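Fold and contact review
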Amino acid sequence: MALPKHASTLERVWHYTYLVICALIFLFLIAPILVVIPLSFNAEPYFTFTEKMLKLDPTGYSTRWYDLLLTFGMQAPEAPRDSSWWSDAWSNAAWLQATKNSIIIGFFSTILATTLGTIAALGLSRPEMPGRRVIMAILISPMIVPIIIVATGLFFFYSAISIQDWGIPYLGVILAHATLGIPFVIITVTATLVGFDHSLTRAAASMGAGPAMTFFRIQMPLILPGVISGALFAFVTSFDEVVVVLFVGGLDEQTIPRQMWNGIREQISPAILSVATILVLISIALLTTVELLRRRSERLRGVTPR
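Residues numbered from 1 in each chain as written. Predicted model: local features only at pLDDT ≥ 70, side-chain atom pairs only at ≥ 80, totals over all residues. Heavy atoms only, no water.

Its place among the elements puts Ser 238 in helix H10 (residues 211-240). Residues within four places of Ser 238 in sequence aside, it is in contact with Ile 105, Gly 106, Ser 109 and His 177. (Helix = DSSP H or I, 4+ residues; strand = E, 2+ residues; numbered from the N terminus. Contact = heavy atoms within 4.5 Å.)

Written as structure tokens, this is what we have:
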């Protein structure tokens, strides 16, 4: 925002000082990203900038580490890249297996977290709901309690009920990630419901609409941006979580963060930087989507002009 013409010298100094402080904070926050992305194209197996990279020599850059994401763990990585090669990569490449596991776990945990979180947010938005503050505090506690405590508690709970003997793949991790994602859905949907006119639901009921029809025809279109935003946050939470997976995940439930953790412990490879770069790009896309949905929600509720 531009300064008014009548601003004093002190106000101008503070304005530009404030902008410099904000710029420095922003640079501090994105500095790791600015380092990781170029290093993922390093032609050498180092985690530092080589002399060729600093001189912008094209021979100092390579996509070999991105290619390694496809070949690591394959039975015949040097074979011609025909259909059998891609079949080998799809079945045996460690990073692809981790990606598939992350997507499967993230998808089902997001569905569960979004469904339960939306129902909880609708109930908590009712003014006649007793003990709303206490219930809200309990439901959002997973994002406040240290994750190591949550993981330890889930480990002993799953051991007590022998969830590993139920024969359902990924069940323990999906339930755990859904628990971690529910608070984000509740917060985003509750924020969308602020100022919601409940007379609309009463009017629909008075005209003979049942609860299901009232929800899908009246409430859902208005809170849909908040629901989608919460679902995206829940998916990112699942996609990026490693502590719970280490505690309750099976040996065949290697997710991307767990594979990165194993890679750091067992084999230091710049391929981890390639994965980090891809995750950064995915996060940017999801955050952009969330921002667009937030603006759409504000327009629907009349908070901002069209």
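Here we come to the confidence of the model for the protein chain. Per-residue pLDDT for the protein chain averages 84, and the proportion of residues at 70 or more is 94%. Considering each helix and strand of the protein chain separately, the mean pLDDT is smallest for helix H9 (residues 199-206), with a value of 76, and largest for helix H5 (residues 94-124), with 91. (pLDDT = per-residue confidence, 0-100.)

Axis separation between H5 and helix H8 (residues 171-192) bottoms out at 7 Å; the angle between their running directions is 40 degrees. Classed by the angle they form, the pair H5 and H8 counts as oblique. Regarding H5 and H8, the two cross each other, and that crossing is right-handed. Within the contact between the two elements, H5 uses Ile 105, Phe 108, Ser 109, Leu 112, Ala 113, Thr 114, Leu 116, Gly 117, Thr 118, Ala 120, Ala 121 and Leu 124 and H8 uses Val 173, Ile 174, Leu 175, His 177, Ala 178, Gly 181, Ile 182, Val 185, Ile 186, Val 189 and Thr 190. (Axes fitted to C-alpha atoms, helices over the stretch in contact; angles between N-to-C directions. Parallel < 35°, antiparallel > 145°, perpendicular 65-115°, else oblique. Left-handed = near helix turned anticlockwise from the far one by under 90°.)

One side chain can pair with another of opposite charge once the charged atoms of both are near each other. This structure, assessed with the given rule, holds two salt bridges. Between Lys 55 and Glu 51 there is a salt bridge, with the nearest N and O atoms lying 2.9 Å from each other. Notably, a salt bridge pairs Arg 81 with Asp 67, separated by 2.6 Å at the nearest N-O pair. Linking Arg 81 in the loop between helix H3 (64-71) and helix H4 (83-92) with Asp 67 in helix H3, this pair joins segments that are 14 residues apart in sequence. (Salt bridge = Lys/Arg side-chain N within 4 Å of Asp/Glu carboxyl O.)

For the rest of this paragraph, the subject is the nonpolar core. Judged by nonpolar contacts, the single largest core of 15 residues is most densely connected at Ile 105, Leu 154, Tyr 158, Val 173, Ala 176, Val 244 and Val 248. The element contributing the most residues to this core is H8, with five residues. With near-sequence residues (within four places) excluded, Ala 176 lies in contact with Leu 154, Tyr 158 and Val 244. Formed by 14 residues, the second largest nonpolar core is a distinct cluster that contains Ala 113, Leu 122, Phe 215 and Ala 234. (Core = buried A, V, L, I, M, F, W, Y, C linked by side-chain atoms within 4.5 Å. Buried < 20%, exposed > 50% of the residue type's maximum accessible area, 1.4 Å probe, protein only.)

So, on to the environment of Asn 262. Assignment of secondary structure puts Asn 262 in helix H12 (residues 256-266). Residue Asn 262 is classed as buried on the basis of its relative accessible area of 14%. For the pair Asn 262 and Pro 38, spaced 224 residues apart in sequence, the C-alpha separation works out to 23 Å. Separated by 2.9 Å, the side chains of Asn 262 and Gln 254 make a polar contact. (Polar contact = N/O pair within 3.5 Å; in protein donor to acceptor, adjacent residues only side chain to side chain.)

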